[in-house]
Protein chains: 2
Amino acid sequence: MPKLIDHEQRKKQIAEATWRVILEQGMEGATVRNIAKEADISPGSLRHDFASQEDLLLYAMNLVKENAAARIESVAMQDMPPREIALGILLELVPTNEETRAEMEVWFAFTAYFRKKRLSFDAQHDGIYMGVQHIIRQLDRLHLLKKGVNKDMEAEMLYAMIDGLALHALLDPQRLNKEKITNLLNHYLDSICHFE
Amino acid sequence: MPKLIDHEQRKKQIAEATWRVILEQGMEGATVRNIAKEADISPGSLRHDFASQEDLLLYAMNLVKENAAARIESVAMQDMPPREIALGILLELVPTNEETRAEMEVWFAFTAYFRKKRLSFDAQHDGIYMGVQHIIRQLDRLHLLKKGVNKDMEAEMLYAMIDGLALHALLDPQRLNKEKITNLLNHYLDSICHFE
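- An unreviewed UniProt entry lists chain A under the name TetR/AcrR family transcriptional regulator, with Paenibacillus puldeungensis as the source organism.

As structure tokens, then:
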């Protein structure tokens, strides 16, 4: 199977080169030529892996999502109190370091790009909405939600709050640093849960 | 004073032409040439009002903010119960119709553009943060906030939530229509206030 593995590996390397180009030059710079140069391969060779620029961009965007989903999964599997797990997942969704800030920047660039191209955007299936729904459901299952909390509304509010915090943390990282974000998320969790 | 009035009027017309160009073609299309064409004046005449493209873009962005601030002001001055005023202001900050959706789209385009140009973004002074602070302070003054509500944290949370809702309403207006947004905002107000 080495051939298959190499192929997937190569596609990932090309996707990572795509992110770097977007961070440096924005979406306008994300041409097949520039991305091939950054990945140190020929444009023809890149076209062997991706039939079109759009295919490549969609793959690179999905990989951002998959990476975030994998990190969330690994937090969710940890043997920690439910509060720590909820907080840990939420902290994966708001950029608090260089790496996740870059990821978020690429994500916003993709979102704006696909929107401008009038391609549909499926919010219900972006990783963030699913992540917050998972948190609310899990807290409910453990009987930690306060009486009267409406699960559907709370998931929608938390989804908005997380994307808002992510946007603000990206635009203004000095003001919204990790400590402040952690305090805000703890404050939020206290407002909907009664932890023992 | 007719000359002065005409001058301000003209600048506003040029700013509005700028918004239309951005909505049609994105920020890449917002060149002096394209904007002059949309405003039906010559590029030289446009340069008479704005020394540079950046001056024009900053003016056009500020006008979005001023328009929103004026709408908020007029809601805040109305003779209505505090809950209705708070809800009315929040509804001005989340796009629920074609006009405010266009405004928000232009705002996001400007934000992304100035960020890419590495120009500083001053979140503390965008109209939204000031709007939510005003709401929280006002509810506090009227003794409507629930016990234990932390005003600073609540303003920060509400700011994130409003920008998140605005982003989601822009990306997915079918799902997040005016009724749903109104329900969410009412739900939020109930969570921090005890209205009689």
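Once the structure has been displayed, the description carries forward.
1. Considering unusual backbone geometry
1) Next: Here A:His143, not a glycine, exhibits a phi torsion of approximately 55°, which is positive.
2) Next: Mapping A:His143 onto the fold places it in the loop between helix 7 (127-141) and helix 8 (151-171).
3) Next: For A:His143, a relative accessible area of 64% gives the class exposed.
4) Next: Although it is not a glycine, B:Asp40 sits at a positive phi angle of roughly 65°.

2. Some thoughts on the relation of the copies chain A and chain B
1) Next: Overlay of chain A on chain B (RMSD 0.0 Å): rotation 180°, translation along the axis 0.0 Å. This pairing of chains is accounted for by a two-fold axis.
2) Next: Counting the interface residues of chain A, we find that 100% of their copies in chain B are interface residues as well, pointing to one common contact surface.

3. Digging into the packing of aromatic side chains
1) Next: In the structure shown here, the tally under the stated rule is four aromatic pairs over all chains.
2) Next: Aromatic pair B:Phe50 and B:Tyr59: ring centres 5.3 Å apart, planes at 55°, arrangement tilted.
3) Next: Given a relative accessible area of 4%, B:Phe50 falls into the buried group.
4) Next: For A:Arg175, the ring lying beneath its charged end belongs to B:Tyr129, and the centroid distance is 5.1 Å.

4. Description of the interface of chain A and chain B
Interface size, as often reported, equals the accessible area lost upon joining of the parts.
1) Next: Across the contact, 36 residues belong to chain A and 36 residues belong to chain B.
2) Next: Together chain A and chain B conceal approximately 3,200 Å² of surface at their shared face, both sides included; 64% is due to carbon and sulfur atoms.
3) Next: In this assembly, chain A and chain B are joined by four salt bridges.
4) Next: The shortest N-O distance in the salt bridge between B:Glu156 and A:Arg175 comes to 2.9 Å.
5) Next: Counting the contacts that link chain A with chain B gives eight residue pairs in polar contact (both at pLDDT 80 or more).
6) Next: At the level of secondary structure, the elements contributing two or more residues to the side of chain A that touches chain B comprise helix 6 (98-116), helix 8 and helix 9 (178-192) of chain A.
7) Next: At 14 residues, helix 8 of chain A tops the list of elements feeding residues into the side of chain A that touches chain B.
8) Next: Tallied by class, the residues present in the side of chain A that touches chain B amount to 17 nonpolar, eight polar and eleven charged.

5. Remarks on the side chain of B:Thr18
1) Next: Considering the arrangement of structural elements, one finds B:Thr18 in helix 1 (residues 2-25).
2) Next: When sequence neighbours within four positions are dropped, the list of residues in contact with B:Thr18 reads B:Ile35, B:Leu56, B:Leu57 and B:Ala60.

6. A word on the UniProt feature "domain: HTH tetR-type" (unreviewed entry) in chain A
1) Next: In this numbering, the UniProt entry assigns the feature "domain: HTH tetR-type" (unreviewed entry) to residues 8-68 of chain A.
2) Next: For residues 8-68 of chain A, the end-to-end C-alpha separation is 18 Å, with 80% helix and 0% strand making up the annotated structure.

7. Re the nonpolar core
1) Next: Counting residues in each nonpolar core, the largest one holds 70 residues, and the members touching the most others are A:Ile162, B:Leu90 and B:Ile162.
2) Next: Dropping the residues within four chain positions of it, B:Leu90 is found in contact with B:Val132, B:Ile135, B:Leu158, B:Ile162, B:Leu185 and B:Leu189.

8. Digging into the domain arrangement of chain A
Residue and element names in this part refer to chain A.
1) Next: The domain architecture assigned to chain A consists of domain 1 (1-50) and domain 2 (69-192).
2) Next: Just the C-alpha atoms count here: the centres of domain 1 and domain 2 sit 29 Å apart.
3) Next: Across the contact, four residues belong to domain 1 and six residues belong to domain 2.
4) Next: Contact with domain 2 buries surface across domain 1, with Ile22, Leu23 and Met27 losing the most and accounting together for 83% of the total.
5) Next: Remark: the boundary between domain 1 and domain 2 carries zero residue pairs in polar contact (both at pLDDT 80 or more).
6) Next: Its residues assigned to classes, the side of domain 1 that touches domain 2 comprises four nonpolar, no polar and no charged.

9. Examining the packing of helix 4 (residues 53-76) of chain A against helix 5 (residues 82-93) of chain A
Residue and element names in this part refer to chain A.
1) Next: One way to put it is that helix 4 packs onto helix 5 with a least axis distance of 9 Å and a crossing angle of 165°. Classified by the interaxial angle, the pair formed by helix 4 and helix 5 is roughly antiparallel. Between helix 4 and helix 5 lies a crossing whose hand is right-handed. The segment helix 4 lies against helix 5, with Arg71, Ile72, Val75 and Ala76 engaging Ile85, Gly88, Ile89, Glu92 and Leu93.

About the cut-offs
Residues numbered from 1 in each chain as written. Chains lettered and ligands numbered in written order. Predicted model: local features only at pLDDT ≥ 70, side-chain atom pairs only at ≥ 80, totals over all residues. Heavy atoms only, no water. Helix = DSSP H or I, 4+ residues; strand = E, 2+ residues; numbered from the N terminus. Buried < 20%, exposed > 50% of the residue type's maximum accessible area, 1.4 Å probe, protein only. Least-squares fit on C-alpha atoms with pLDDT ≥ 70 in both. Contact = heavy atoms within 4.5 Å. Phe/Tyr/Trp six-rings, centres within 6.5 Å; stacked < 30°, edge-to-face > 60°. Lys NZ or Arg CZ within 6 Å of the ring centre and 35° of its normal. Buried area = accessible area lost by both parts, 1.4 Å probe. Salt bridge = Lys/Arg side-chain N within 4 Å of Asp/Glu carboxyl O. Polar contact = N/O pair within 3.5 Å; in protein donor to acceptor, adjacent residues only side chain to side chain. Nonpolar A, V, L, I, M, F, W, Y, C, P; charged D, E, K, R; others polar. UniProt positions renumbered as here; feature names shortened; annotations may be inferred. Core = buried A, V, L, I, M, F, W, Y, C linked by side-chain atoms within 4.5 Å. Domains from an automatic or database assignment. Axes fitted to C-alpha atoms, helices over the stretch in contact; angles between N-to-C directions. Parallel < 35°, antiparallel > 145°, perpendicular 65-115°, else oblique. Left-handed = near helix turned anticlockwise from the far one by under 90°.

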